[in-house]
Amino acid sequence: MTPELLTLGMFGSLVLLIVFGVSLSFALGGVAVAFTLILSGSNGLFPMVSAVFGTMWSVLLAAVPLFIFIGVTLSKSRISRDLYQAFYLWSGRVNGGLLLGTAGFAAVLSAMTGSCAASTLTTGKIGMPAMERLGYDRGFALGTIAAAGTLGIIIPPSITLIVIGMTTGLSIGRLFMGGLIAGLLMLVAILAYVVVYAWQFPGAAPAIGHRVSVAEKLRSLRSVLAPVTIIVVVLASIFMGLATPTEAAAVGAFTVLLAVAMQGEVTLRFLREVCFETAVTTGMVIWIVFGATAFVSVYSAAGGISFMQSFLTDLELSPWMLVILMQLVVLILGMFLDPLGIILLVLPMYYPVVVQLGFDPLWFCIIFQVNLCIGYITPPFGYNIFYLKTISPEATILQLYRSVMPYVALLLLCGAILMAFPAILVEGTAWLTAG
Amino acid sequence: APATIAAASSATTWRMQTHFPTGTWYYDAIFQDFARRVTTATNGELVIETHAPGSIVSTGDSLMAAAQGALDGAFTFPAYWVGQIPAAGHLNGNLATFSNNTEMEYFMYEMGALDIIREAYAERGIHQVGPVAGGGVTLFGKRPIHTAADFQGYKIRTTGTAARVLEKMGAAPVSVAGGELYQALQTGIVDAAHWGSVSGGMSMNFQEVTKYIVQPDLVSPTNLEVFVNAGKWSQLGEDHKQVVNDAVRATTGIYTARIMQADLNGIDTFVNKSGGEISMMEASVLEEMRMKSLEVVDEISAQDPKYSGRIGELLHEFMRQTGKV
Amino acid sequence: MVRLITYLNSLLGKAISFAILIGMIIIVYEVIMRYAFNAPTVWVQGYTQRIFGAYFVLLGAYTLIHRGHVRVDLLLNDRYPRWRAFLDVVNYLVLLLWTGALSYQAWSYLEMSWLFNERDDSALGHPIWPVKLALFIGVVLIALQGLAELVDAIRRMVRPTPDDSKEGSPA
Ligand code: NA
Ligand code: NA
């Protein structure tokens, strides 16, 4: 089979299956099996099983369920509600204030959890009712939550950055630093947009009507301070690198559990529910990794990866054009595919080319990650859109698509800035690492 | 030519995978060079297809994959198989034994250790072609090591039998994934680590996070290996077998010479540019390490008398002859 | 039969979901031993790999029961139950191709690990076949669950009933 035919066949049938509603993980695995049988018969199945085992045996991936566990625990505990209450009380009597607080809340939550599910769902569940009471424009509020929720996988910890580290061999600690820089830039952009929009359309984001006394504000901090300090201090110190990512995840999960226990919330029932929910999410994530590694191993063994690499270099574009083209492809894939699937499918082709061109690999990977964040809110397949649909069922999917559009543009701008000024990421991570 | 008479033009193709990361100088200069060498010398009748780590099977599965036929062979690291083929540890080399290539090749080819190692691999359906010397094992650390006492409580990132020897020396062995090693050194998860020889460690930027290169190397050389599916090997004619054997032995010389260049340059950089120091271990440290290393060898001999036991005896003899014990 | 498979997989999934707590505790133990006592363990890394490896693969069927394997719902229209059921049939057929092939090969993979007496390459040196046994069991269980779901989807396609308006809800 020629590499052209192989590429067309494997990716073509993958897209077809996904469009017909086949689960991404099964579609990846099914195509891998089908092409193995076509190319080399049942004797060729060994590499696929080896790929699955390689995933199981990865110490780094053990961090993934632990970070999911943290997110589930926080979303089920009173800590997240108390934290939101504090943001609510402190957000002030200005137009758009509560939405700014909500975005800030999402960012703080992102610094504790590793996926977008926790940041988006929790923010939406707690924040939407409060903002609807105030008469916020629903589309504006939902769009902002969807965008702020994407910070979940770029502000460390992040399961996608872990998988990027695993695929490229880059240090996950340094990737986390880069993610932090990019995530903060995205947060600032989102906040700025909210301020400008609320100023232009005060009716879309009315201020809180009543005065909140200083005493009440201070009281709100008391209930939040203890658990949040513990969580932030522990996580921050381990992200400064006192432990490996997996150890950081375990210590973080343990600390969060302790913090929740200190509030008297940890019952057997609570623990059971957290474990069950973590299990379902982990199963989804890891089985996508199983499918994607099998898919890639078949494609690679049949010469697909090296074909794509020489295809990219033979385009004879200028290095910058090539890098921009690669990122555009990620943006398009992000409309249809899961972020982990994208990482595992394209990064093995991209990475050696990027290194060979002499670009900073960390810089490339963080922009890649920003693109994956955008994928969470681009139609037709965007996790954050689906999450918000479950929270706000009365909003139509088209309304949701429309509400995220300004943010897609905004995040694209962030990506472009990071790309145009490599020093932000390169010098920034160097500075953080030295500090 | 193939052993069985076939059409004259028929070429044999072997799919070989390595654990060398793509983009490193040795991926091309050693692994692909070896493949080209064989293909050229057989006039294109035996083509070795080179594959990057993990591109067909995960590195840890390449032995099984070669036995089963998913790969035809591998250019890789024998220490991966010490669990399933204890004799592979001897192929990799024991700490504080060999001082140079000649000693290693004397032990393997002239004393006959390789024959025993081949028997052990043959049991798994694999033909062990032979060792490829890959430079020494150099320890990079935050503290110097002069006496044996300096090992006490030293957290060293290490693996396999080396971990057992260093533990006997009083160190605390730690496992850390390669990608996290730099950060682990930087933040004190570990105090010391080895990643091949000097140039290997420098490729991981150890010079930025350690102060000392500990000399002499813990062993020199440490070996890589070339193995092939047993069936595929037996299908080769004697002429092609000779080519592959000679290419493996030639690669030892080429690899160590190129590593020596990289290592000497590396030491220059470490001392003159990165402000590091060389820490010399006293002769008594190596003597003690030799004893501990042989203790581990004897423990493995007891577990695997059939192969490791016989190789262990040869090793004792080698150590006596060379005056190391 | 369909119910029995679902029931057993659900039970096993719930049991295995607690493994994360064990994994978490041993890693925390390792961190404490290293920092407080300067005595890192030899076994934690290997057992982290074992526990989480088994956890990952054994969760497949449980996630399937809870409809956790995400699908793009562009064409998954609930207004046409037969069409919906047909797409479910396709989904489970692809799942069966994937996990059927895995089950077939995972057996010989397990067998080889056993025969080769495969062990960690670290100083730990414990047998690896138990994880590969978990791999075999995990893929067989999700294949069985896929088969059960396939049977149900075919029934819905042939003879839809009013309460089949969406894909069978979690058991
Ligand atoms: Na995060
Ligand atoms: Na999308």
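Residues numbered from 1 in each chain as written. Chains lettered and ligands numbered in written order. Predicted model: local features only at pLDDT ≥ 70, side-chain atom pairs only at ≥ 80, totals over all residues. Heavy atoms only, no water.

- By the naming in an unreviewed UniProt entry, chain C goes by TRAP transporter small permease protein and is assigned to Seohaeicola nanhaiensis.
- In its Function (unreviewed entry) section, UniProt records this for chain C: "Part of the tripartite ATP-independent periplasmic (TRAP) transport system."
- Reading the Sequence similarities (unreviewed entry) entry of the UniProt record for chain C gives the comment "Belongs to the TRAP transporter small permease family." (UniProt positions renumbered as here; feature names shortened; annotations may be inferred.)

**Digging into the overall build of chain B**
Step number 1: Secondary structure summary: chain B contains 12 helices and 11 strands in total.
Step number 2: Relative to the compact-globule value of 20 Å for 325 residues, chain B shows a C-alpha radius of gyration of 20 Å, a close match.
Step number 3: Principal-axis analysis of the C-alpha atoms places the extent of chain B at approximately 65 × 40 × 30 Å.
Step number 4: Burial status across chain B gives 59% buried among its 325 residues.
Step number 5: When contacts within chain B are restricted to residue pairs at least 6 apart in sequence, long-range pairs at least 24 apart make up 75% of them.
Step number 6: Surface summary for chain B: the accessible area is close to 11,900 Å², and the carbon and sulfur share equals 51%.
Step number 7: For chain B, the distance from the average site of its 23 positive side-chain charges to the average site of its 34 negative ones is 2 Å. (Helix = DSSP H or I, 4+ residues; strand = E, 2+ residues; numbered from the N terminus. Rg over C-alpha atoms; globule rule 2.2 N^0.38 Å. Buried < 20%, exposed > 50% of the residue type's maximum accessible area, 1.4 Å probe, protein only. Contact = heavy atoms within 4.5 Å. Areas by Shrake-Rupley, 256 points an atom, 1.4 Å probe, with all protein chains shown as cover. Lys, Arg positive; Asp, Glu negative; His and termini not counted. Charge placed at Lys NZ, Arg CZ, Asp CG, Glu CD.)

**Some thoughts on the overall build of chain C**
Step number 1: Across its full length, chain C holds 6 helices and 0 strands.
Step number 2: In chain C, the succession of helices and strands from N to C terminus is α-α-α-α-α-α.
Step number 3: Taking 2.2 N^0.38 as the reference for a compact globule, 171 residues should give roughly 16 Å; the C-alpha atoms of chain C span a radius of gyration of 20 Å, well beyond that estimate.
Step number 4: Buried positions account for 53% of the 171 residues belonging to chain C.
Step number 5: A separation of at least 24 residues holds for 69% of the contacts in chain C among residues at least 6 apart in sequence.
Step number 6: Side chains of chain C give 15 positive and 13 negative charges; the mean places of these two sets differ by 6 Å.

**Brief notes about the nonpolar core**
Step number 1: Formed by 276 residues in total, the largest nonpolar core has its most connected members in Y350(A), F368(A), F107(B), Y121(B), F151(B), W98(C) and L135(C).
Step number 2: If one sorts the elements of this core by residue count, helix α13 (residues 268-301) of chain A sits on top with 20 residues.
Step number 3: The residues contacting Y350(A), other than those within four sequence positions of it, are L312(A), M326(A), V329(A), V330(A), F364(A) and F368(A).
Step number 4: Core analysis: the next-biggest nonpolar cluster, separate from the first, contains 28 residues, M16(B), F31(B), A52(B) and F75(B) among them. (Core = buried A, V, L, I, M, F, W, Y, C linked by side-chain atoms within 4.5 Å.)

**Some thoughts on the coordination of the sodium ion (ligand 2)**
All names here are of chain A.
Step number 1: Taken together, G334 (O), G375 (O), T378 (O), T378 (OG1) and F381 (O) make up the full set of protein donors to the sodium ion (ligand 2), lying 2.3 to 2.6 Å away.
Step number 2: Written as a sequence motif, the donor residues of the sodium ion (ligand 2) are G-x40-G-x2-T-x2-F. There is no split in this pair, since G375 and F381 are both buried. (Donors = N, O, S within 2.8 Å, 3.2 Å for Na, K, Ca; no water.)

**Describing the interface of chain C and chain B**
Step number 1: Contacts between chain C and chain B engage 20 residues on the former and 26 residues on the latter.
Step number 2: Summing the contributions of chain C and of chain B, the shared interface buries around 1,800 Å²; its carbon and sulfur component is 56%.
Step number 3: Considering only the side of chain C, the residues that lose the most area to chain B are R34(C), F116(C) and D121(C), jointly responsible for 32% of the buried surface there.
Step number 4: Applying the counting rule to chain C against chain B returns 1 salt bridge.
Step number 5: Among the ionic pairs, K132(C) bridges to D61(B), the shortest N-O distance being 3.7 Å.
Step number 6: For the pair chain C and chain B, the interface holds 5 residue pairs in polar contact (both at pLDDT 80 or more).
Step number 7: Going through the elements one at a time, α2 (19-37) and α5 (81-115) of chain C are the ones with two or more residues in the side of chain C that touches chain B.
Step number 8: Element by element, the count of residues in the side of chain C that touches chain B is highest for α5(C), at 5 residues.
Step number 9: Looking at side-chain class alone, the side of chain C that touches chain B contains 8 nonpolar, 6 polar and 6 charged residues. (Buried area = accessible area lost by both parts, 1.4 Å probe. Salt bridge = Lys/Arg side-chain N within 4 Å of Asp/Glu carboxyl O. Polar contact = N/O pair within 3.5 Å; in protein donor to acceptor, adjacent residues only side chain to side chain. Nonpolar A, V, L, I, M, F, W, Y, C, P; charged D, E, K, R; others polar.)

**Details of the interface of chain A and chain C**
Step number 1: With 62 residues of chain A at the contact, the number on the chain C side is 61 residues.
Step number 2: Where chain A abuts chain C, roughly 5,300 Å² becomes buried across the two surfaces, and 81% of that area is made up of carbon and sulfur atoms.
Step number 3: Counting the contacts that link chain A with chain C gives 1 salt bridge.
Step number 4: Among the ionic pairs, E247(A) bridges to R34(C), the shortest N-O distance being 2.8 Å.
Step number 5: There are 6 residue pairs in polar contact (both at pLDDT 80 or more) connecting chain A and chain C.
Step number 6: Those elements giving two or more residues to the side of chain A that touches chain C turn out to be α1 (3-19), α2 (24-40), α3 (46-56), α4 (63-76), α12 (245-262), α13 and α18 (383-391) of chain A.

**Focus: the sheet that holds strand β10 (residues 223-229) of chain B**
Sheet strands line up and pair through hydrogen bonds in the backbone, either parallel or antiparallel.
Residues and elements named next belong to chain B.
Step number 1: With mixed pairing, the 5 strands of this open sheet are ordered in space as β2-β1-β3-β10-β4. Bordering the open sheet on either side are β2 (46-51) and β4 (126-133), each of which pairs with just one other strand. Neighbour-to-neighbour, the strand axes of this sheet turn through a mean angle of 20 degrees, independent of strand direction.
Step number 2: Relative to β2, strand β1 (residues 12-18) runs parallel, the two being bridged by 6 bridges. The residue bridging R15 from the neighbouring strand is E49, located in β2.
Step number 3: Across the sheet, helix α1 (residues 25-41) touches β1, β2, β3 (73-76) and β10, and the angle it forms with β2 is around 160 degrees. (Pairing = 2+ DSSP bridges. Axes fitted to C-alpha atoms, helices over the stretch in contact; angles between N-to-C directions.)

**A word on the side chain of T378(A)**
Residue and element names in this part refer to chain A.
Step number 1: Along the polypeptide, T378 turns up in the loop between α17 (361-375) and α18.
Step number 2: A polar side-chain atom of T378 sits 3.5 Å from the main-chain carbonyl oxygen of G375.
Step number 3: Contact partners of T378, with chain neighbours within four places excluded, come to G334, M335, I385 and V408.

**Structural notes on the UniProt feature "transmembrane region" (unreviewed entry) in chain C**
Residue and element names in this part refer to chain C.
Step number 1: Taken from the UniProt record, the annotation "transmembrane region" (unreviewed entry) applies to residues 12-35, 47-65, 85-107 and 127-147.
Step number 2: Here residues 47-65 runs as 95% helix and 0% strand, with 28 Å between its end C-alpha atoms.
Step number 3: From the first C-alpha to the last, residues 85-107 spans 32 Å; its make-up is 100% helix and 0% strand.

**Observations regarding the pattern of salt bridges**
All names here are of chain B.
Step number 1: Under the criterion given, the structure shown has 30 salt bridges over all chains.
Step number 2: The residue E317 makes a salt bridge to R320 at a minimum N-O spacing of 3.0 Å. Of the two residues, E317 and R320 both sit in helix α12 (residues 305-321), 3 residues apart, roughly one turn of that helix.
Step number 3: Judged by relative accessible area, which is 30%, E317 ranks as partly exposed.

**Side note on the environment of A236(A)**
Step number 1: Locating A236(A) in the fold gives a position in helix α11 (residues 214-242).
Step number 2: Residues A236(A) and S40(A) lie 196 residues apart in sequence; the distance between their C-alpha atoms is 49 Å.

**Quick look at the packing of aromatic side chains**
All names here are of chain A.
Step number 1: Taken as a whole, this structure holds 52 aromatic pairs over all chains when the rule is applied.
Step number 2: Arranged with centres 5.1 Å apart and planes meeting at 85 degrees, the rings of Y84 and F105 form a pair that is edge-to-face. Taken as a pair, Y84 in helix α5 (residues 78-90) and F105 in helix α6 (residues 97-110) lie far apart in primary sequence, 21 residues in all.
Step number 3: Take Y84: its relative accessible area is 3%, and that puts it in the buried class.
Step number 4: For F105, a relative accessible area of 0% corresponds to the buried category. (Phe/Tyr/Trp six-rings, centres within 6.5 Å; stacked < 30°, edge-to-face > 60°.)

**Considering the coordination of the sodium ion (ligand 1)**
Each angle at a metal carrying four tetrahedral donors should ideally be 109.5 degrees, and each at a metal carrying six octahedral donors should ideally be 90 or 180 degrees.
Residue and element names in this part refer to chain A.
Step number 1: On the protein side, the sodium ion (ligand 1) has S110 (O), T113 (O), G152 (O), I155 (O) and P157 (O) as donor atoms, found 2.3 to 2.5 Å from it.
Step number 2: Positions of the donor residues of the sodium ion (ligand 1) along the chain correspond to the pattern S-x2-T-x38-G-x2-I-x1-P. Residues G152 and P157 agree in their burial class; the two are buried.

**Some remarks on α13(A)**
Residues and elements named next belong to chain A.
Step number 1: With 34 residues, α13 extends 48 Å from end C-alpha to end C-alpha; this agrees with the ideal 50 Å at 1.5 Å per step.
Step number 2: With 27 of 34 residues buried, α13 lies mostly within the body of the structure.
Step number 3: Trailing α13 by a residue or two, G303 shows a phi angle of about 90 degrees, which is positive. (Expected span 1.5 Å × (residues − 1).)

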